[in-house]
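Spelled out, the chains give:
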Amino acid sequence: MPAPSQETDPTIDHERTHLRESRDALRRMREHTAGLTAIGGDHVSTEHLKQVLFRRMKALEDDPTVPLFFGRLDYDTALGADADEILYIGRRHVTGEAGGEPLVIDWRAGMSLPFYRASPTDPMRVRLRRRFGFSHGRLTAYEDEDLARGEPAGASEILESEIERPRTGPMRDIVATIQPEQDVIVRADLGRSLCIQGAPGTGKTAVGLHRAAYLLYAYRDQLARSGVLVVGPNDSFLSYIADVLPALGEIDATQATVESLVSKATGASVRGLDTVPAALIKGDPRMAHVIKNAVWGHLSIPSESLVVPRGSYQWRVAAYLVEEMITELRARGVRYEAGRAMLPQRLAHQVLLRMEASGDSPDDRVQNAVARSKPVRTYAEACWPTLDAAKLILRLLTDAEFLAAAADGILEPAEQATILMPKPARSVGTARWTLADVILIDEATDVLSRTHSLGHVIVDEAQDLSPMQLRAVGRRASTGSVTVLGDLAQATTPWATRSWQESLSHLGQPTAAIEELVAGFRVPGAVIDFAARLLPHIAPALTPPHSVRRHRGELDLRTRGAETVIAAVSEAMQNEGTIGVIVADAAVPSVRKQLERAGIRYDLLGEDAQIFDARVDLVPATLAKGLEFDHVVLLEPTEIVAGEPDETTGLRRLYVCLTRAVTSLIVVHGEPLPAALAA
């Protein structure tokens, strides 16, 4: 059990001294880095060294409100350890001055593994595991677990208090509370792709981010070259998780939404909105075949021979030979642009063969000159024309005959008519592209030229992505690995896939292992049990989640006549922590007025630049996914359900909204609760 916080406790005093020495050592490490001068052999090397030093400086930043270490391991030779030694486990490695001994071991190091996985049945060479309790960065308590005795330990009060500690602002790391089943996922090899089906409150998002931090530590050289990408559902979500990796000393991972990712790659901005039927067809994987046909349909088999004048001679390459070249290049599976670049060289090679047959002795320089000559370039362009991805998609969505030719046998005529632009744009610059359109442009871009692959891609809320969106993410990891995070019960888009195996296939990772997390650490039992009433209607095949917290939390259902939204918010504000007021999107304007009349300061997700700054966040139901609040006031569940195109999707949206609470949930309603929830 945790030792009390007493100024006279010698153990507390000893550990505080170690904490003070560790902070001093970290400060010296940062000062040493700041004093280094980046001088390389040339300008490029110097700039590279400056970037290395900058990243090192960022990694060594100290936050006095965050403990440098949160645990301790006492290794014992009697249990097989190489030496009797004490190691402190923290967010980053801290080295002392005397002999460079480690004062704190990085939580990702191999020696830190027993802190997360050791047990009385398998102590992993550790005699004692100690957890520390902190308040505002000050060490206040400790809790020891004697692993050598072989007896199961009781519940950890320090662990529980850290899990349930009220939030302030954006998401924080969970490095001190990672559970064994979570740690197995976090430390999986870089080459292993994983899919995590996680119920609300199971920490799947945190696990994914800590996996990114672990991979950047364990495979730093490899990932420094290839990169790590975190894909989230929207900008509010990315703001919410933005501080997690920097807090763990990692600043090199890129974070993006699918929209920002493809918009940056294609240069096309999203300015329009599809109808649901059009979005469903554009997001269908059959569109990949339509685009491939549209691209490769531009190849033209010549009817006339190539004639190349050179000096007093004219060299001729028969049309049937050119057809064979084009067929051979297609058979190699090269990208369109790669084949277009190869064709002039193939044509030039045929010319050189004829020159050699006549007794000439041309070399590579002659072949390159022939390949660049106007007759060859003009002939090759006629056979294999230059294409622009955006122009191709614009023609596909505005030219009915062109679409019919590319979609023949793939899309029905009615489907083709559905995706044609109602008001055709005259040019790429004036087109009101939708997100689904930009995804198609990205697909066409990849058919033309291979998309650069990263070392690892983490995609959160993946259950909401269409097959074509999954393809867009997947090609960013065509030679790397992925970590897919999501919950099929929270799938709220009409185009969402209905099985992880299907999603993984679209991602290009069909052999990825699928893991399921059902133990809820953040959502209290009263809340998760209430929300789980919806599961038989929205995801009957999933294992119902359960809360592992001893405290059931608070659930209160209030009729609107007896309780206003403002009263519920004011009551929640009497408690410590963040407050999310979740309402149907259509109700946002009226609730804004109520909050403003009451003088309650709030941020509106999706609109305010500085979100998660005020204690109260007004959350449209469609933006609630992936977020957590200590206290949630949810208004009119029936309106949230009615805001979706069908009841099943509406109930899934409601399931998402109900499970955002960490401590308490107040449901305020005037209309009857949905039947599935009231049962």
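Under an unreviewed UniProt entry, the name given to the protein is AAA family ATPase, and the source organism is Microlunatus ginsengisoli.

A. Quick look at the nonpolar core. Trp107, Trp433 and Leu658 are the most contacted members of the largest nonpolar core, which has 167 residues in total. The leading source of residues in this core is helix α6 (residues 204-218), at eight residues. Once you skip the residues sitting within four places of it in the chain, Trp433 turns out to touch Ala268, Ser269, Val270, Arg271, Gly272, Ala390, Ile393, Leu394, Met421, Val428, Val438 and Ile441. Counting 21 residues, the second largest nonpolar core, distinct from the first, contains Val569, Val591, Val616 and Leu618.

B. Broad picture of the environment of Leu535. Note that Leu535 resides in helix α24 (residues 535-538). Its relative accessible area of 5% is what places Leu535 among the buried residues. Separated by 142 residues in sequence, Leu535 and Leu677 place their C-alpha atoms 9.8 Å apart. If near-sequence neighbours (up to four positions away) are discounted, Leu535 is found in contact with Ala489, Pro540, Pro544, Pro545 and Tyr655.

C. Structural view of the pairing of strand β12 (residues 456-459). Residues His456 and Ile458 line one face of β12 and the alternating positions Val457 and Val459 line the opposite face, and both faces are buried. Judged from the four bridges that link them, strand β8 (residues 228-232) and β12 form a sheet pairing that is parallel. Bridging across to β12, Val230 finds its partner in Ile458. Across four bridges, the pairing between β12 and strand β13 (residues 481-486) is parallel. Counterpart to His456 in the pairing with β13 is Ser481.

D. Spotlight on the packing of helix α12 (residues 286-296) against helix α20 (residues 435-448). Viewed as axis vectors pointing N to C, α12 and α20 meet at an angle of 50°, and their least axial separation amounts to 10 Å. Taken together, α12 and α20 sit at an angle that is classed as oblique. The way α12 lies across α20 gives a crossing that is right-handed. Between α12 and α20, the residues in contact are Met287, Ala288, Ile291, Val295 and Trp296 and Leu440, Glu443, Ala444, Val447 and Leu448, respectively. Here the contact of α12 with α20 is composed, by residue class, of nine nonpolar, no polar and one charged.

E. Region of the structure containing the pattern of salt bridges. One pass over the full model with this rule turns up 35 salt bridges. The shortest N-O distance in the salt bridge between Arg127 and Asp76 comes to 3.7 Å. Here Arg127, found in strand β5 (residues 126-135), pairs with Asp76, found in the loop between β1 (69-75) and β2 (85-90); they are 51 residues apart in sequence, far enough to count as distant. Take Asp76: its relative accessible area is 15%, and that puts it in the buried class. Across the salt bridge formed by Asp183 and Arg117, the nearest N and O atoms sit 2.7 Å from each other. Taken together, the positions of Asp183 in helix α5 (residues 180-186) and Arg117 in helix α3 (residues 113-117) put the pair 66 residues apart, joining distant regions of the chain. Judged by its relative accessible area of 31%, Arg117 is partly exposed. Three or more residues joined by partner-sharing salt bridges are found here, namely Glu15, Arg72, Asp74, Asp76, Arg127, Arg130 and Asp144.

Reading the values: rules and limits
Residues numbered from 1 in each chain as written. Predicted model: local features only at pLDDT ≥ 70, side-chain atom pairs only at ≥ 80, totals over all residues. Heavy atoms only, no water. Core = buried A, V, L, I, M, F, W, Y, C linked by side-chain atoms within 4.5 Å. Buried < 20%, exposed > 50% of the residue type's maximum accessible area, 1.4 Å probe, protein only. Helix = DSSP H or I, 4+ residues; strand = E, 2+ residues; numbered from the N terminus. Contact = heavy atoms within 4.5 Å. Pairing = 2+ DSSP bridges. Axes fitted to C-alpha atoms, helices over the stretch in contact; angles between N-to-C directions. Parallel < 35°, antiparallel > 145°, perpendicular 65-115°, else oblique. Left-handed = near helix turned anticlockwise from the far one by under 90°. Nonpolar A, V, L, I, M, F, W, Y, C, P; charged D, E, K, R; others polar. Salt bridge = Lys/Arg side-chain N within 4 Å of Asp/Glu carboxyl O.

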